[in-house]
Amino acid sequence: MKQVTYLTTIVFAVIAVTMIGCDGKRDPGKVYMPDMAYGRAVETYAMLNDTVFTENPNDPKHRIYYNRMPVNGTVAIGELPAYNLTNDSTGYKLSSAVVNPLAATPLSGADSVEAGRLYNINCGICHGADAKASGPLAVSGKIGGVANLTSGVYLSMTDGTMFHSITYGKGLMGSYASQLNRKQRWQVIQYVRTLQPKAVATAAAPAGTAKPTAAVADTTKKI
């Protein structure tokens, strides 16, 4: 008899818990760990509740540290690996050894069109469509020292050093890291290479081949 009573009590307890946990069709019921089920949603540009969040990692009030920045080393889907050289003389020197990760896939088709578009939007205003410092700002005289990217120093400059300069800025040119992602910066460099003159190799004449002589006017008297 006691066993039947015990089992009956358990059955009623289960039914009661079920009824309490399911108050209605629209009510999710009682949540065991609400903080795990419902995280604090934070909109990207929304004002943060300073009683809950802080941008100070050493906050004395033990609020939640959140600075809206991605974790160091985070790489977005489809993005190229991070560029870790520092913005100083050492980083600039080391950049010459950095290889363009897109070098194995020369510009063509849609990529070439897109690279040209990005160059003309971001670079053409100074460097010009031909990369010869012929852009509107350069020829206006309002900005001096615009680089002619088809000149010797830039022909010998490595892609890595160009990327470093675009990333951090160089001279009067500011950084374009916020306007162009890493892949776009490398593509722009590839496009610049297409505007630079190509060295034309001249084949040497085979040994023993007579050199052509200049034509000599015939001055003999004709009968």
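As the structure is a computational prediction, the values presented were derived from the model and not from experiment.

Reading the values: rules and limits
Residues numbered from 1 in each chain as written. Predicted model: local features only at pLDDT ≥ 70, side-chain atom pairs only at ≥ 80, totals over all residues. Heavy atoms only, no water. Helix = DSSP H or I, 4+ residues; strand = E, 2+ residues; numbered from the N terminus. Buried < 20%, exposed > 50% of the residue type's maximum accessible area, 1.4 Å probe, protein only. Contact = heavy atoms within 4.5 Å. Areas by Shrake-Rupley, 256 points an atom, 1.4 Å probe, with all protein chains shown as cover. Polar contact = N/O pair within 3.5 Å; in protein donor to acceptor, adjacent residues only side chain to side chain. Core = buried A, V, L, I, M, F, W, Y, C linked by side-chain atoms within 4.5 Å. 1 Å grid on protein atoms, 1.4 Å probe; cavity = no way out; pocket = protein on both sides within 12 Å on 5 of 7 lines; lining within 4 Å. Points joined across faces, edges and corners; volume = space filled by probe spheres on them. Nonpolar A, V, L, I, M, F, W, Y, C, P; charged D, E, K, R; others polar. pLDDT = per-residue confidence, 0-100. Axes fitted to C-alpha atoms, helices over the stretch in contact; angles between N-to-C directions. Parallel < 35°, antiparallel > 145°, perpendicular 65-115°, else oblique. Left-handed = near helix turned anticlockwise from the far one by under 90°. Patch = residues over 30% accessible without salt bridge, like charges linked within 9 Å, V, L, I, M, F, W, Y side chains within 5 Å. Salt bridge = Lys/Arg side-chain N within 4 Å of Asp/Glu carboxyl O. Phe/Tyr/Trp six-rings, centres within 6.5 Å; stacked < 30°, edge-to-face > 60°. Lys NZ or Arg CZ within 6 Å of the ring centre and 35° of its normal. Disulfide = S-S within 2.5 Å.

> Would you explain the overall build of the protein chain in this entry?
The helix and strand tally for the protein chain stands at 9 helices and 2 strands. Overall, the protein chain shows an N-to-C arrangement of helices and strands of α-α-β-β-α-α-α-α-α-α-α. Out of the 223 residues belonging to the protein chain, those deemed buried represent 23%. In the protein chain, the share of contacts with a sequence separation of at least 24, taken over all contacts with a separation of at least 6, comes to 49%. Summed over all atoms, the accessible surface of the protein chain reaches about 17,000 Å², with 61% contributed by carbon and sulfur.

> For this particular structure, what's the right way to read the side chain of Arg 193?
Of note, Arg 193 is situated in helix 9 (residues 182-195). Side chain to side chain, Arg 193 and Gln 196 meet in a polar contact 3.0 Å long. Aside from chain neighbours lying at most four places away, what touches Arg 193 is Tyr 154, Leu 155, Met 157, Thr 158, Asp 159, Met 162 and Lys 198.

> Teacher, can you tell me more about the nonpolar core here?
Tyr 119, Leu 149, Trp 186, Val 188, Ile 189 and Val 192 are the most contacted members of the largest nonpolar core, which has 21 residues in total. The biggest single contributor to this core is helix 9, with 5 residues. The residues touching Val 188, leaving out its near neighbours within four places in the chain, are Ala 115, Leu 118, Tyr 119, Cys 123 and Leu 180.

> What should I look at first to understand the layout of surface pockets in this one?
Gaps between atoms show up when a probe of the same size as a water molecule is rolled over them. Size it by volume and the largest pocket reaches roughly 620 Å³. Breaking the lining of the largest pocket down by element, the ones donating at least two residues are helix 4 (109-122), helix 5 (124-127), helix 8 (159-168) and helix 9. Here the lining of the largest pocket is composed, by residue class, of 19 nonpolar, 7 polar and 1 charged.

> What is the right way to read the confidence of the model for the protein chain from this model?
Low pLDDT marks regions whose predicted coordinates should not be analysed in detail. Confidence in the prediction of the protein chain, expressed as mean pLDDT, is 81, and 78% of residues score 70 or more. Confidence over residues 200-223 falls short of pLDDT 50; this stretch has 0 contacts with residues more than four positions distant or in other chains.

> Would you mind showing me how to read the packing of helix 8 against helix 9 here?
For any two helices packed against each other, one specifies the inter-axial angle together with the distance between the axes. Two elements in contact, helix 8 and helix 9, have axes whose closest approach is 10 Å; the angle formed by their N-to-C orientations is 125 degrees. With respect to helix 9, the element helix 8 is oriented oblique. In this structure, helix 8 meets helix 9 at a crossing whose hand is right-handed. Only Arg 182, Arg 185, Trp 186, Ile 189, Val 192 and Arg 193 of helix 9 make contact with helix 8, whose side of the interface consists of Asp 159, Gly 160, Met 162, Phe 163, Ile 166 and Thr 167. Tallied by class, the residues present in the contact of helix 8 with helix 9 amount to 6 nonpolar, 2 polar and 4 charged.

> Would you explain a nonpolar patch on the surface in this entry?
A cluster of nonpolar side chains, contributed by Tyr 6, Leu 7, Ile 10 and Val 14, occupies part of the molecular surface with about 400 Å² of accessible area. Residue Ile 10 is classed as partly exposed on the basis of its relative accessible area, which comes to 38%.

> Just checking my understanding: could you explain unusual backbone geometry for this structure?
With the exception of glycine, most residues fall at negative phi, and the peptide bonds are largely trans. Of note in the backbone geometry, His 62 takes a positive phi value of approximately 60 degrees without being a glycine. For His 62, the location among the structural elements is in the loop between strand 1 (53-54) and strand 2 (64-65).

> How should the packing of aromatic side chains be read in this particular structure?
What describes a pair of aromatic rings is the distance from one ring centre to the other and the angle between the planes of the rings. Applying the stated rule across the entire model yields 5 aromatic pairs. A cation sits over an aromatic face here: Lys 170 above Tyr 92, 4.1 Å from the ring centre.

> Please clarify how the state of the cysteines should be interpreted in this entry.
Each disulfide consists of one covalent bond between the sulfur atoms belonging to two cysteines. For the structure shown, the criterion picks out 0 disulfides. Just so you know, Cys 123 is unpaired, no disulfide at all, and the nearest cysteine sulfur is the one on Cys 126, 9.0 Å from it. Note on Cys 123: relative accessible area 15%, which makes it buried.

> Explain the pattern of salt bridges to me, please; I cannot follow it from the model alone.
When the charged atoms of two side chains lie near each other, side chains of opposite charge can form a pair. The full count for this structure, using the stated rule, is 3 salt bridges. Notably, a salt bridge pairs Arg 63 with Asp 59, separated by 2.8 Å at the nearest N-O pair. Its relative accessible area of 24% is what places Arg 63 among the partly exposed residues. Between Arg 117 and Glu 114 there is a salt bridge, with the nearest N and O atoms lying 2.9 Å from each other. Taken together, the residues span about one helical turn, with Arg 117 and Glu 114 both in helix 4 at a distance of 3 residues.

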